[in-house]
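One-letter residues, chain by chain:
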Amino acid sequence: MRVSQFFLSTLREAPAEAEVVSHQLMLRAGLIKQLTRGVYTWMPLGLRVLRKVEAVVREEMNAAGAIELSMPAVQPAELWRESGRWEQYGPELLRIKDRHQRDYCFGPTHEEVVSDIVRREVKSYRQLPLNLYQIQAKFRDEIRPRFGVMRAREFVMKDAYSFHADKASLDKTYREMVDCYSRIFTRLGLKFRAVAADTGTIGGTGSHEFHVLADSGEDAIAWCPDSDYAANVELAEAIEPFKPRSTPAQGMKKVPTPGKTTCEAVSEFLGFPIEKSVKSIVVAANDSLYLLLIRGDHTLNEIKTSKIRFLSKFRFATEDEIKNAFRSRPGYIGPVGISSMIPIIVDRTVAKMSDFVCGANEDGHHLTGVNFGRDIKEPEHVFDIRNVVAGDASPDGKGRLEILRGIEVGHVFQLRAKYSREMNLAFLDESGKSQIMEMGCYGIGITRIVAAAIEQNHDGRGIIFPRALAPFELALTPIGMGKSARVRETAERLYRELAAAGVDVLLDDRDERPGVMFADMELIGIPHRAVVGERGLKNGQVEYQGRRDERAESVPLQDAINYLKSKICG
RNA sequence: CGGGGUGUAGCGCAGCCUGGUAGCGCACUGCGUUCGGGACGCAGGUGUCGGAGGUUCAAAUCCUCUCACCCCGACCA
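Keep in mind the model is a prediction, meaning the values are calculated, not measured.

Regarding the sheet that holds strand S27 (residues 474–478)
- Within the open sheet, the five strands sit side by side as S28-S27-S29-S30-S31. Their pairing is mixed. Strand pairing shows two members of the sheet lacking a second neighbour, strand S28 (505–507) and strand S31 (553–556), which therefore form its edges. On average, each strand axis in the sheet is inclined to that of its neighbour by 25°, with strand direction left out of account.
- Of the pairings in the sheet, the one linking strand S29 (residues 528–532) to strand S30 (residues 541–546) comprises four bridges and is antiparallel in character. In the sheet register, Arg529 faces S30, and the bridge partner there is Gln545.
- Packed onto the sheet, helix H14 (residues 514–523) meets S27, S28 and S29 and runs at close to 175° relative to S27.

This is the structure:
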């Protein structure tokens, strides 16, 4: 490809709305343009990158025995009503009406459609297992799209769905998909980690997420350097402290803490470590209030909390609800002396605490030296309801946890019979008996991968695309080709020969000043560059520089093709 | 959904407070000089000042409504 015949649109300055580096660079390099909130055009250069990702995913999915199809983006509401998700899915589902006022949605995912296909087509165990996938635009009406294509409303996803006669078959395919995903992200040149995950709204049982590691990632991952334990913090278990609760050493005392409404402020004000404080959180579920206790420096894990049977649909209490029930403002509430109508849910860590500090249920006051068994009754409901923090014991007992940040780029689920039961995915087994299929689903965020790869691979000059993602493999940069016939002819010949040798080369034939060409080629992240200029040609040489190299090296012109090929393939 | 912010040329911004016929840098077009790390000179084009309504002799500027985008929050006491 020649730059003169392509459509580069680089910017010197990043548009003001971009916050994270990948978004800034994608805009500056002209990979994407925003059309409206959370919706982007993929410009020619960006589309090349997207196609590279797709190609790797497609190859590996095919190699793993999955079969590609393409399902409609627009789906009838009936199918969603059948699975129960028309009501369940909430405002993230973009609902549309046709001219007859019939309900449709723009698919955020395709369990319903694929299930409908399979139940019509698959009748026998002989047709199973079956793993179907597609690569397609999805729409999810996110509350707050962010970070460019990282959290967009419209995005491209690879979604696969597998169908099985039994759990063993599902397990096998699930493992194959985990391996397949590992190969995909390895081939894409990404630093990633597979972690145990929560199943979220899609439902089902076993689940792993694949995260590209990046400080800007929206997810926190707990992992143990001493074992292979890794889990999303949403899921990671905070195990019960080993140390037994020490016996009370202090008497309970009410102290004034005017204006100090957070554990941090109270501990600082009173001069004790925040680990001695207990945070009181009021939630409502089924028209009752519940008081949750976690240690002052910990944060509540809402997903774990919602797994407690009677809190499955909890919400945070309103300020008025709190005032009515505790006769004090939020910030000064606590478990001592409250109505027995309010059950107290105690985090495992808190259950082992003694002589702690908490709100006094009186504005401007806290209690110190509070103890279970003496000042309040022994905890009845002890659960793991907090997020793990760095330094916590690993749930597998093999060391201590560390926290990393990651960008979720893949997710695999064992859906089991969740959809197949609702939608009656039945088949006849070997004995002619009707059975319900086991089902798995496997997603990869194609568009998000591009952003994640840039997040992980960039420098002050721009993007550094991993080989598998690069829109072009080699930038061929002639210097002064308008002036020097020798430069022009050499560049044109190299261009032809490289193209003939199968190299995806971008010839910068703009006859720009060298600085402009170098800056553009570096910004858009071409991994290799060859420079043809009078200076080198005088000595029969051209220059080569890798995108990460400090300086260029000279190569004899007659060896150039082979040398560049070896660099590109190396 | 709540709060805050911003809309002026393709991009980054000034002008608004204090109303008087719209600017700067980059980009773009032409010519010339330059030519190994985002050149320089000269000449030039570019705007429904997000939209609608109002106040006024006069509105980018003041008022009302509205739309879009961005950020923060959505109760972690």
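Once the structure has been displayed, the description carries forward.
Topic: the protein's contact with RNA strand B
- Residues in close proximity to RNA strand B total 45 residues, the closest being Arg12, Lys279, Glu302, Gly331 and Glu543.
- Take Arg28: an N or O atom from its side chain is 3.1 Å from a base oxygen of RNA strand B.
- In this structure, Leu300 approaches RNA strand B through a main-chain N or O atom, which is 3.1 Å from a base oxygen.
- Counting residues per element, the ones that place at least two in the surface near RNA strand B are strand S1 (32–36), strand S14 (278–285), H14, S29, helix H15 (534–537) and S30.

Topic: the packing of aromatic side chains
- Scanning the entire structure with this criterion turns up 13 aromatic pairs.
- When the centroid spacing of 6.1 Å and the interplanar angle of 90° are considered together, the rings of Tyr181 and Phe185 count as edge-to-face. Here Tyr181 pairs with Phe185, and both are found in helix H6 (residues 167–187), just four residues apart, close to one helical turn.
- Ring pairs connect the aromatic residues Tyr181, Phe185, Phe192 and Phe210, which therefore count as one cluster.

Some points on helix H12 (residues 446–456)
- The buried fraction of H12 amounts to eleven of the eleven residues, a majority that puts the element mostly inside the structure.
- Along H12, the positions that sit buried rather than exposed are Ile446, Thr447, Arg448, Ile449, Val450, Ala451, Ala452, Ala453, Ile454, Glu455 and Gln456.

Structural notes on the pairing of S30
- Of the strand pairs in this sheet, S30 and S31 are connected by four bridges, and their pairing is antiparallel. Note on S31: the bridge partner recorded for Glu543 is Ser554.

Regarding the pairing of strand S15 (residues 288–295)
- Counting buried positions along S15 yields seven of eight residues, so the element is predominantly enclosed.
- Here S14 runs beside S15; their pairing, made up of eight bridges, is antiparallel. Bridge pairing in S15 places Ala285 opposite Ser288.
- Turn length for the S14-S15 hairpin, with the two strands adjacent in sequence and antiparallel, is two residues, and the turn residue Asn286 shows positive phi of about 50°.

Let's talk about the domain arrangement of chain A
- Taken domain by domain, chain A consists of domain 1 (46–74 + 108–237 + 403–454), domain 2 (253–383) and domain 3 (474–569).
- Taking only C-alpha atoms into account, the centre of domain 1 sits 41 Å from that of domain 3.

Section: the side chain of Thr349
- Within the secondary structure, Thr349 sits in helix H10 (residues 348–351).
- Look at Thr349 and you get buried, because its relative accessible area is 8%.
- Here Arg386 takes part through its side chain, which lies 3.0 Å from a polar atom of the side chain of Thr349.

Digging into empty space enclosed by the protein
- Inspection of the entire model under this criterion finds one cavity of 30 Å³ or more.
- A volume near 90 Å³ is recorded for the largest cavity.
- For the largest cavity, the full set of lining residues is Arg461, Ala475, Met521, Glu522, Ile526, Pro527, His528, Arg529, Gln545, Gly546, Arg547 and Asp549.
- Sorting the residues of the lining of the largest cavity by element identifies H14, S29 and S30 as the ones contributing at least two each.
- In terms of residue class, the lining of the largest cavity is built from four nonpolar, three polar and five charged.

Quick look at the pattern of salt bridges
- Under the counting rule described, the total for this entry stands at 45 salt bridges.
- Close ionic contact of Arg183 with Glu60 constitutes a salt bridge, the shortest N to O distance being 3.1 Å. Separated by 123 residues along the polypeptide, Arg183 in helix H6 and Glu60 in helix H2 (residues 44–63) bring together distant segments of the chain.
- In this structure Glu60 comes out as buried when scored by relative accessible area, which is 9%.
- Taking the shortest distance from any N to any O, the salt bridge between Asp363 and Arg329 comes out at 3.3 Å. With a gap of 34 residues between them, Asp363 in the loop between strand S18 (356–359) and strand S19 (365–370) and Arg329 in the loop between helix H9 (319–326) and strand S17 (344–347) connect regions that are remote in the sequence.
- With a relative accessible area of 40%, Arg329 lands in the partly exposed category.

Cut-offs and rules
Residues numbered from 1 in each chain as written. Chains lettered and ligands numbered in written order. Predicted model: local features only at pLDDT ≥ 70, side-chain atom pairs only at ≥ 80, totals over all residues. Heavy atoms only, no water. Pairing = 2+ DSSP bridges. Helix = DSSP H or I, 4+ residues; strand = E, 2+ residues; numbered from the N terminus. Axes fitted to C-alpha atoms, helices over the stretch in contact; angles between N-to-C directions. Contact = heavy atoms within 4.5 Å. Near = heavy atom within 4 Å. Polar contact = N/O pair within 3.5 Å; in protein donor to acceptor, adjacent residues only side chain to side chain. Phe/Tyr/Trp six-rings, centres within 6.5 Å; stacked < 30°, edge-to-face > 60°. Buried < 20%, exposed > 50% of the residue type's maximum accessible area, 1.4 Å probe, protein only. Domains from an automatic or database assignment. 1 Å grid on protein atoms, 1.4 Å probe; cavity = no way out; pocket = protein on both sides within 12 Å on 5 of 7 lines; lining within 4 Å. Points joined across faces, edges and corners; volume = space filled by probe spheres on them. Nonpolar A, V, L, I, M, F, W, Y, C, P; charged D, E, K, R; others polar. Salt bridge = Lys/Arg side-chain N within 4 Å of Asp/Glu carboxyl O.

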